[in-house]
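Descriptive structure summary
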Amino acid sequence: MLFNIIAGFLIPWVFGIYLYRKSRIIVFLIFPITVTISSLINDTGYHLDFWDFTPLIENDETLSALPLDIGLYPIMAGYMIYWIRKNNQHALLKIGCFCLATTALEYLAFIFGKVEYSNHWNIGWTFVSYILAYSLVYLYYRLLVRYGYWK
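Keep in mind that what you see is a predicted model, and the values were worked out from it rather than measured.

Per the secondary structure count, the protein includes 5 helices and 2 strands. Moving toward the C terminus, one meets the helices and strands of the protein in the order α-α-β-α-α-β-α. The C-alpha atoms of the protein give 15 Å as radius of gyration, which agrees with the globular expectation for 151 residues (15 Å, within 12%). A principal-axis box enclosing the C-alpha atoms of the protein has dimensions of 45 × 30 × 25 Å.

Once that is clear, we can look at the UniProt feature "transmembrane region" (unreviewed entry) in the protein. Here, the residues flagged by UniProt with the feature "transmembrane region" (unreviewed entry) are residues 25-42, 62-84, 91-111 and 123-141. The span residues 123-141 shows a helical share of 100% and a strand share of 0%, and its end C-alpha atoms are spaced 27 Å apart.

Applying the stated criterion across every chain, the model contains 15 aromatic pairs. Residues tyrosine 138 and tyrosine 141 carry aromatic rings whose centres are separated by 6.0 Å and whose planes lie at 40 degrees to one another, so their mutual orientation is tilted. Taken as a pair, tyrosine 138 and tyrosine 141 lie in helix α5 (residues 123-146) at a separation of 3 residues, close to a single helical turn. The same class applies to tyrosine 138 and to tyrosine 141, which are both buried. For the pair tyrosine 141 and tryptophan 150, a centre-to-centre distance of 5.0 Å together with 85 degrees between the ring planes defines the contact as edge-to-face. Each member of the pair tyrosine 141 and tryptophan 150 is classed as buried. Taken together through their ring pairs, the aromatic side chains of Tyr46, Phe50, Trp51, Trp121 and Trp125 make up a single cluster. Taking the ring centre of phenylalanine 53 as reference, the NZ or CZ of lysine 114 above it sits at 5.7 Å.

Its 24 residues give helix α2 (residues 24-47) an end-to-end C-alpha distance of 34 Å, which sits within 8% of 34 Å, the value for a rise of 1.5 Å per residue. Where α2 is buried, its residues contact α1 (2-22), β1 (51-53), α3 (66-86) and α5. Aspartate 49, located one to two residues past α2, shows a positive phi value of around 60 degrees.

The computed volume of the largest pocket comes to approximately 740 Å³. If you trace the largest pocket, you find 38 residues lining it, with Leu68, Leu72, Tyr73, Leu105 and Tyr130 closest to the centre. Only α1, α2, β1, α3, α4 (91-111) and α5 provide two or more residues apiece to the lining of the largest pocket. Here the residues of the lining of the largest pocket sort into 28 nonpolar, 8 polar and 2 charged.

Take a nonpolar patch on the surface next. A cluster of nonpolar side chains, contributed by Met1, Leu2, Ile5, Ile6, Leu10, Ile11, Val14, Phe15, Leu63, Leu66 and Ile70, occupies part of the molecular surface with about 940 Å² of accessible area. Sorting the residues of the nonpolar patch by element identifies α1 and α3 as the ones contributing at least two each. In terms of residue count, the dominant contributor to the nonpolar patch is α1 (7 residues). By secondary structure assignment, the location of isoleucine 5 is in helix α1.

The rules behind the values
Residues numbered from 1 in each chain as written. Predicted model: local features only at pLDDT ≥ 70, side-chain atom pairs only at ≥ 80, totals over all residues. Heavy atoms only, no water. Helix = DSSP H or I, 4+ residues; strand = E, 2+ residues; numbered from the N terminus. Rg over C-alpha atoms; globule rule 2.2 N^0.38 Å. UniProt positions renumbered as here; feature names shortened; annotations may be inferred. Phe/Tyr/Trp six-rings, centres within 6.5 Å; stacked < 30°, edge-to-face > 60°. Buried < 20%, exposed > 50% of the residue type's maximum accessible area, 1.4 Å probe, protein only. Lys NZ or Arg CZ within 6 Å of the ring centre and 35° of its normal. Expected span 1.5 Å × (residues − 1). Contact = heavy atoms within 4.5 Å. 1 Å grid on protein atoms, 1.4 Å probe; cavity = no way out; pocket = protein on both sides within 12 Å on 5 of 7 lines; lining within 4 Å. Points joined across faces, edges and corners; volume = space filled by probe spheres on them. Nonpolar A, V, L, I, M, F, W, Y, C, P; charged D, E, K, R; others polar. Patch = residues over 30% accessible without salt bridge, like charges linked within 9 Å, V, L, I, M, F, W, Y side chains within 5 Å. Areas by Shrake-Rupley, 256 points an atom, 1.4 Å probe, with all protein chains shown as cover. Salt bridge = Lys/Arg side-chain N within 4 Å of Asp/Glu carboxyl O.

Following this line, the structure appears as structure tokens:
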């Protein structure tokens, strides 16, 4: 679990502090929705027995992914929105880049035995799940802009 906390929470939050200094609004508006989406997708995947993340914690397998849900995933989504805001062109391409990067990180976790797939889940479906997650974050961002919560 120490690895999960360091790699999934502490290291990402070093970059999160930098993002906070660059754009506090991203932290306050994007992080909560990203944590919600990430937790929902992870809880669903655990419940449907699509994946497990080590260490395997009996009766509470989602706990091992909690550092990622409140660390890596919201930091990555925050940087995605930051990059989209810097130059509002090619948002779909930028989302795709973040999906590929996050999938590559998970593939490394899979290679090193931190993630196990079952019930026909594979790295391709993982990529699709990241497309869904990052697209929902982007749609939420667009709603914030549309309704004037983001200047």
